[in-house]
Every structure is written in C-alpha cells, then in structure tokens.
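# Observations on the model geometry
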Amino acid sequence: MSDVRARVEQVYREDSRRILATLIRLLGDFDLAEEALHEAFFVAVERWQRDGVPDNPRTWLVSTGRFKAIDVLRRRARFKASQPLLLAQLDELEQADWSGEDVEDDRLRLIFTCCHPALAADAQVPLTLREVCDLTTEEIARAFLSAPAAIAQRIVRAKAKIRDAKIPYQVPTLNELPERLDSVLRVIYLVFNEGYSASVGAELTREDLTRESIRLGRLLMELLPEPEVMGLLALMLLHESRRPARTSPSGELVLLDDQDRALWDAGLMAEGCALVERALSTRRFGPYCLQAAIAAVHAEAPSAAETDWRQIVGLYDVLLRAVPSPVIELNRAVAVAKRDGALAGLLEIEGILARGELQDYHLAHSARAEFCRQLGRVEEARAAYQRALELTRQEPERRFIRGRIKALGLP
Amino acid sequence: MKYLCLVYSDERLLHSSPDSPEDAECSAYAESVQGSGRMIAAEALESVETATTVRMRNGKLSITDGPFAETKEQLAGFYLIDAKDLNEALQVAGNIPAARVGSVEVRPVRQLNV
C-alpha cells in the first residue's frame, strides 16, 4: 500500500511537468490541464493499488487526465449548451492524438509558450517557474520578495491571455526561432541572476533559483542543443562553480581576485569549459557563448594574478560589437585596468559616465572608487564609494562598501 | 479565430515620413491578405479631424467634435482578420505597411455570451 503511494509520489516528482505539458497541448487550457493532472494522480493512488502499477505510468496518467478533462468539459457543456467554443474544444479533444511519443516536445512547447513575447515581461519569469519548474506561487514570491497575491495575479493574467488571445502552444518555426529563443534564454538568465546575486535582501544568493535555472538550461540543452543554449548553460555552470568561494563563512562578499580558487567546484568548471569549447567550435556563437568564454578564461587561471587579461579584453571587444551595452563596457574597463593599470581603467569608466550612462548603477561607482583608491586619489574614492552605497539595496554589498570606505581612513 | 488589428499612427507623420507607405502599397497588401483567405474587412480612415464622438447618457444623446481623448497616436485604419492563432495574427499585423510608421494593436474578438 505505502509502496504504491511512494511510487505515485515518485512519478509525480519525476514526470508531473511532462504530463502537464502534454495535457496543456491536448486541452489548450492551463487551468483545465492542472485540474486534470491532479485528478489523474488522485485516481492513480486508488487504481494502482487495486490493479497494480501500469507498465507506462506516464501514458496512463495522460490518458486518465484527458478523460477527466472530457468529463469536466461535458459537464460545462450541459450548463452552457449553446457555447460553440466549448463544443469545438470537446470535439477536438476527443479526436486529438494523445500518444506519448511527443512528450519531450511538449515540454519545449511549454517553455516557449511561457516566454512568449506577447506576455508581459514580468509575467514570463513567474509563469515559467510555476508551470515548467513546479515552484509554488509562495516560493516564487519569496524568491523575488513580492507578495504572493501579486505573483498569483500576474500568472492568472498571463494564463488568461494565452487562452483568450490564443497564443499557440508550439515551438516556433525556424525563421522565428532565433528571436523567440532569445526571449527564452533571457528568462532563464534572469532567473539565474536573481538567484546568483539577489538584487535585494539579506542574502547574497538564492540557491533555489540558480538550481532551477540550471535545470531549465539543461532541459533546453537536451531538447535544443543550439550554440547559444550551450553558451548560457556554460555561463551559468561557470558562475555557479564559484559560489562556495563567493561568500565568506560569515556571509560577506568575496571579490573574484580574493576568492580561494581551491573552493571552486571543479566538476561544474570542467563541464562549463567543455560546453564553451563545443559552442565556440560551431562558429555560430553569440553573446552568451562569449560571456561564458570570459568566465572560462577565469576558470582556467590557477590564480587571480595569472589571469590572461589580454584574452579577456579581446573577448569583451567581440562581445561589445555583438551587443553594444554600457554594462559590458564597464566590465571591459575593469579588464583593461587589470591589463594596463588603474589609470587606463579609470579613463574608460569616466568616458562612460561622461556620456551620461550608468550614473545610477552602483557597480560603476564602486569600480571608479576602486581605481581612484589604487591611484591614491582618496577623496575621489570616498565620494564614489558613497555614491555606490546610496545606490545599493543589498545588505552584504552595503557592508562591503562601508568596509571599503572605512579602510580609506578618516576624511 | 478573429482578430482586430488597429493601426495607430501620429497623423502628422503617417504620410510624410521616409517609411510612409503609398496607397498603392497598402492596397496591394490588403489584396495579398485577401488572397491568403484571412481577410474579413480592412479600411483606412479619414483624419481624426473629421471624427465625431457620441454618447448616450440618461437617454439623452450628446454629440461632440473629435475623439474622446488627446493621444499621441490616432486610429488610422483597421484589419479584421481570421487567423489560426496569435502568432499568425501577429504575422499579418506586423506586415501592414503602416506598421513601419505607426503601431498595430492586435486584439482577439470576444464571443458574446448569448
């Protein structure tokens, strides 16, 4: 008895998202599919105890969920017999091909649907975490420090739009793919970044989010091994490999230069570097591959002093040509400072700030402060750290900057 | 599924920008949508200067000049189309020549609950 229950729970853990994805394809309705999924698992507990666990539990659950949904639609149709849409939906469902062959594609369809550009940008992330990763609304709200009600509302609105505007449940065609894939990768990377350097709050990182984004990256890689997918996965793995060294035991931020590289996760690093090589060899690489390549150069350096800054500056040059962005320019400025000295870096940053860009970005001011400090320009360094402190909302970073200001001595 | 594609544009730029479509191009595009079997109706509209707004309040008709609100972009025309799904509708809407100077709002048509 408890054996069967444990088996049902195992199938739920391992396969519920696949089954849900297939049911959404068959039913064309997220809520109906979720209801059908839960009913199917509910029935499974009783039925599998009586008749034994079926040979293919997943197919059994899809089929049972489909019948449950047909029941629901029939009941609804009885109340609103004149609704032609409902009858059409029922008709379609009874004739639909529901064979288990297509399930992996179903998950891919689900990801592309959740990240459809017609959905509000701030709904794509929660919807993907809810539907593809099975995080609860409360978990998502906690991760993004929002109210569960606000997250729930965004998800409800997005689902309603998918249904009412008829956003198709499909993998985009080849000519739409690059743009649509971008939006999927962007969502995954957003989730990762929020996990890797939580923008607000007491904690520096949120492991649940990085874990989910890497899981999504692996899934996408399995289903669609495009170079940029490899690049993004490699980038996340390489960043993740540094996590143990990124915070001190007391929860303080440790900069890349000062990290104990023995703490870096060698397995993740090796996997990330291999992916970078594979992606670069396709010669169809883009921004994610280039960023991953930069992370790989760091990973390959035995110590901070032995980093190949020349190569890193070169990679930033290529990256800037692909995606002109002041934040990337800032990162390049830091690499230039490592290669040519603090003054060279400072001039680059002042050029960016003089154009009126990154004025409200705390990292621009902390980098400027750091270069001024190295050049002995203490007052300028202090003012720049002050500005960075005003712009930072994250507690460990604020402590870090206060520490730097203190180390400058009294004004 | 029916979608209404509302073409909005700043009227001052609609016919004077380098990307502005000629009437012949607009008409050719409408014909191509017609040919694909997706067309239900499409029209270009006279300037918003010619618009009149009516309201019925407490059984009394009020008539005023112009549209109800000042906006940067004005309704310049529409396509009512029949498309398989939103992606197909967006494809049709995005290729409307006036989308190069203005914007096209794509709205699914609601089935009345009767």
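An account of the accompanying structure is given in this report.

Conventions and cut-offs
In this numbering scheme, every chain counts its residues from 1 along its sequence in written order. Chains and ligands are labelled by the order in which they are written, letters from A for the one and numbers from 1 for the other. Given that the model is predicted, a residue must reach a pLDDT of at least 70 before its local features are reported, and side-chain atom pairs must reach 80 or more before they are shown or counted; all residues, however, enter totals for whole chains, interfaces and linings. Under the scheme used here, helices are H or I runs from DSSP no shorter than 4 residues and strands are E runs no shorter than 2 residues, and both carry numbers assigned from the N terminus. Here, residue contact means that the backbone-derived C-beta atoms of the two residues sit within 7 Å. The burial criterion counts other C-beta atoms lying within 10 Å of a residue's C-beta, which is placed from the backbone; the residue is buried at 20 or more, exposed at 12 or fewer, and partly exposed between these limits. The nonpolar core is taken to be a set of buried Ala, Val, Leu, Ile, Met, Phe, Trp, Tyr and Cys residues joined by way of C-beta atoms within 7 Å. Put simply, Ala, Val, Leu, Ile, Met, Phe, Trp, Tyr, Cys and Pro go in the nonpolar bin, Asp, Glu, Lys and Arg in the charged bin, and everything else, Gly too, in the polar bin. Strand pairing is assigned whenever DSSP detects at least two bridges linking the two strands. Lines fitted to the C-alpha atoms define the axes, with helices restricted to the stretch that makes contact. Angles between their N-to-C directions range from 0 to 180 degrees. Any angle that falls under 35 degrees is termed roughly parallel, while one over 145 is termed roughly antiparallel, one within 65 to 115 roughly perpendicular, and all others oblique. Less than a right angle of anticlockwise turn of the near helix away from the far helix marks a crossing as left-handed, whereas a clockwise turn marks it as right-handed. Here, expected helix span is obtained from the residue count minus one, scaled by 1.5 Å.

This paragraph deals with the overall build of chain A. Per the secondary structure count, chain A includes 20 helices and 0 strands. Of the contacts formed within chain A by residues at least 6 apart in sequence, a portion of 59% connects residues at least 24 apart.

It is worth spelling out the overall build of chain B at this point. Assigned secondary structure in chain B consists of 3 helices and 6 strands. Going from N to C terminus, chain B has its helices and strands arranged as β-α-α-β-β-β-β-α-β. Here the C-alpha coordinates of chain B stretch approximately 45 × 45 × 20 Å along the principal axes. Counting only residues that meet the buried cut, chain B has 19% of its 114 residues in that class. Restricting to contacts in chain B with at least 6 residues of sequence separation, those with at least 24 account for 76%.

Inside soluble globular proteins, nonpolar side chains tend to come together where they are buried. Residue and element names in this part refer to chain A. Ranked by internal contacts, the top residues of the largest apolar core, which has 119 residues, are Leu-23, Ala-234 and Ala-292. By residue number, the principal contributor to this core is helix 14 (residues 287-300), which donates 10 residues. Those residues in contact with Leu-23 that sit more than four places away from it in its chain are Ala-33, Ala-36, Leu-37, Val-62 and Gly-65.

Attention now goes to the interface of chain A and chain B. With 7 residues of chain A in contact, the opposing surface of chain B contributes 6 residues. Residues that form the side of chain A that touches chain B fall into these classes: 5 nonpolar, no polar and 2 charged.

Moving on: unusual backbone geometry. All names here are of chain A. Its identity is not glycine, yet Asp-134 carries a phi of approximately 65°, on the positive side. A tally of 14 C-beta atoms within 10 Å means that Asp-134 is categorised as partly exposed. The phi angle at Leu-358 is positive, at roughly 60°, despite the residue not being glycine. Counting through the fold element by element, Leu-358 comes out in the loop between helix 17 (342-354) and helix 18 (362-374). Exposure remark for Leu-358: the 19 C-beta atoms within 10 Å place this residue in the partly exposed category.

Further remarks concern the sheet that holds strand 6 (residues 103-108) of chain B. Residues and elements named next belong to chain B. The antiparallel open sheet is built from 4 strands, whose spatial order is 2-5-1-6. Each end of this open sheet is capped by a strand with a single partner; those strands are strand 2 (39-44) and strand 6. Here the average twist between neighbouring strands, direction ignored, is 20°. Both strand 1 (residues 2-9) and strand 6 contribute to a ladder of 6 bridges, which runs antiparallel. Bridge assignment links Leu-6 to a residue of strand 6, and that residue is Glu-105. Where helix 2 (residues 23-35) meets the sheet, it contacts strand 2 and strand 5 (74-82), and its direction lies at approximately 170° from that of strand 2.

Our next topic: the environment of Leu-185 of chain A. Residue and element names in this part refer to chain A. You can see Leu-185 is positioned in helix 9 (residues 177-196). The exposure class assigned to Leu-185 is buried, which follows from the 23 C-beta atoms found within 10 Å. Remark: the alpha-carbon pair of Leu-185 and Ile-155, spanning 30 residues in sequence, is separated by 19 Å.

Counting buried positions along strand 3 (residues 52-57) of chain B yields 0 of 6 residues, so the element is predominantly exposed. Between the antiparallel neighbours strand 3 of chain B and strand 4 (residues 60-65) of chain B lie 2 residues, among them Asn-58 of chain B with a positive phi of about 50°.

The next thing to look at is the environment of Arg-339 of chain A. Residues and elements named next belong to chain A. For Arg-339, the location among the structural elements is in helix 16 (residues 326-340). Note: C-alpha distance between Arg-339 and Thr-113 (226 residues apart in sequence) is 44 Å. In this structure, Arg-339 is in contact with Trp-309, Arg-310 and Val-313, ignoring residues within four places of it in sequence.

Any two packed helices are characterised by the angle at which their axes cross and by the distance between the axes. All names here are of chain A. With their axes 9 Å apart at the nearest point, helix 15 (residues 309-322) and helix 16 run at an angle of 160° to one another. By the angle between their directions, the pair helix 15 and helix 16 is classed as roughly antiparallel. As helix 15 packs across helix 16, the resulting crossing turns out to be left-handed. Contacts from Trp-309, Arg-310, Ile-312, Val-313, Tyr-316, Leu-319 and Leu-320 in helix 15 reach Ile-328, Glu-329, Asn-331, Arg-332, Ala-335, Val-336, Lys-338 and Arg-339 in helix 16. By residue class, the composition of the contact of helix 15 with helix 16 is 9 nonpolar, 1 polar and 5 charged.

Once that is clear, we can look at the packing of helix 19 (residues 378-391) of chain A against helix 20 (residues 395-407) of chain A. Residues and elements named next belong to chain A. Where helix 19 contacts helix 20, the two axes come as close as 10 Å, and the packing angle between them is 165°. The angle between the axes of helix 19 and helix 20 places the two elements in the roughly antiparallel class. Handedness of the crossing formed by helix 19 with helix 20: left-handed. Residues Arg-382, Tyr-385, Ala-388 and Leu-389 of helix 19 touch helix 20, and the partners they reach there are Arg-398, Ile-401, Arg-402, Arg-404 and Ile-405. When its residues are assigned to classes, the contact of helix 19 with helix 20 shows 5 nonpolar, no polar and 4 charged.

Because an α-helix packs 3.6 residues into every turn, residues spaced three or four apart end up facing the same way. With 15 residues, helix 11 (residues 227-241) of chain A ought to run about 21 Å at 1.5 Å a step, and its terminal C-alpha atoms sit 21 Å apart, in line with that. Of all 15 residues that make up helix 11 of chain A, 14 are buried, and the element is covered over most of its length.

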